[in-house]
Amino acid sequence: CLMAARFLAYFAGGGMQPLLIMWLGKVTDPAKKGTFFGWSASANIFGGILSTLISGAVILACGVRGVFIAGGVLTLILLPLILIGMRWMPRNTKL
């Protein structure tokens, strides 16, 4: 169970970021790409800081295994939301 949760957590970290960059490149107006990519990088850094703080709280409450289980569960929750969001976004509209 821990290995599956760990796989999902690493998949989210390593697989979703390139997809986001590719998607932003397709839907962003060339004149605004720098702004959107800057906001994306800033959100990524903020997420890393926030996840460190949350992981510390999860370790205190549930132990180290809890972090990997929470990462796997969050990935399972976020994947359908991302797919729904991708279907909702117009394909030919530039941001």
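Use the structure listed above.
Just so it is clear, the structure is predicted and the values come from calculations on it, not from any experiment.

(A) Spatial organisation of the overall build of the protein chain. Within the protein chain, the regular secondary structure consists of three helices and zero strands. Secondary structure elements of the protein chain, listed N to C terminal, follow the sequence α-α-α. For the protein chain, buried positions account for 11% of its 95 residues. Long-range contacts, defined here as pairs at least 24 residues apart, represent 67% of the contacts in the protein chain between residues at least 6 apart. Summing over all exposed atoms, the protein chain offers an accessible surface of approximately 7,200 Å²; the carbon and sulfur share of this is 75%.

(B) Highlighting the environment of Ile82. Take Ile82: it is sitting in helix α3 (residues 64-88). Classification of Ile82 by relative accessible area gives partly exposed; the value is 34%.

(C) Layout of helix α2 (residues 33-62). Its 30 residues place the ends of α2 41 Å apart at the C-alpha level, agreeing with the 44 Å of an ideal helix rising 1.5 Å per residue. Note on α2: the residue one or two positions beyond its end, Gly63, has a positive phi of about 90°.

(D) Examining the packing of α2 against α3 more closely. At a minimum axis distance of 7 Å, the contact between α2 and α3 shows a crossing angle of 125°. When the axis of α2 is compared with that of α3, the two are oblique. α2 and α3 meet at a crossing whose hand is right-handed. Side by side, α2 and α3 meet where Ser55, Val58, Ile59 and Cys62 of the first sit next to Val64, Gly66 and Val67 of the second. Tallied by class, residues from the contact of α2 with α3 come to five nonpolar, two polar and no charged.

(E) Molecular detail of a nonpolar patch on the surface. Among the surface-exposed residues, Ile69, Val73, Leu74, Ile77, Leu78, Leu81, Ile82, Leu83, Ile84 and Met86 lie close enough to one another that they form a single nonpolar patch of about 920 Å² accessible area. Tracing the chain through its elements places Ile84 in helix α3.

(F) Geometry of the side chain of Ser40. Structurally, Ser40 is set in helix α2. Its relative accessible area of 12% is what places Ser40 among the buried residues. Residue contacts for Ser40: discarding those within four places in its chain leaves Gln17, Leu20 and Leu24.

(G) Expanded view of the side chain of Thr28. Within the secondary structure layout, Thr28 lies in the loop between α1 (2-27) and α2. Of note is the side chain of Thr28, whose polar atom sits 2.5 Å from the backbone oxygen of Leu24.

Scoring rules and cut-offs
- Residues numbered from 1 in each chain as written.
- Predicted model: local features only at pLDDT ≥ 70, side-chain atom pairs only at ≥ 80, totals over all residues.
- Heavy atoms only, no water.
- Helix = DSSP H or I, 4+ residues; strand = E, 2+ residues; numbered from the N terminus.
- Buried < 20%, exposed > 50% of the residue type's maximum accessible area, 1.4 Å probe, protein only.
- Contact = heavy atoms within 4.5 Å.
- Areas by Shrake-Rupley, 256 points an atom, 1.4 Å probe, with all protein chains shown as cover.
- Expected span 1.5 Å × (residues − 1).
- Axes fitted to C-alpha atoms, helices over the stretch in contact; angles between N-to-C directions.
- Parallel < 35°, antiparallel > 145°, perpendicular 65-115°, else oblique.
- Left-handed = near helix turned anticlockwise from the far one by under 90°.
- Nonpolar A, V, L, I, M, F, W, Y, C, P; charged D, E, K, R; others polar.
- Patch = residues over 30% accessible without salt bridge, like charges linked within 9 Å, V, L, I, M, F, W, Y side chains within 5 Å.
- Salt bridge = Lys/Arg side-chain N within 4 Å of Asp/Glu carboxyl O.
- Polar contact = N/O pair within 3.5 Å; in protein donor to acceptor, adjacent residues only side chain to side chain.

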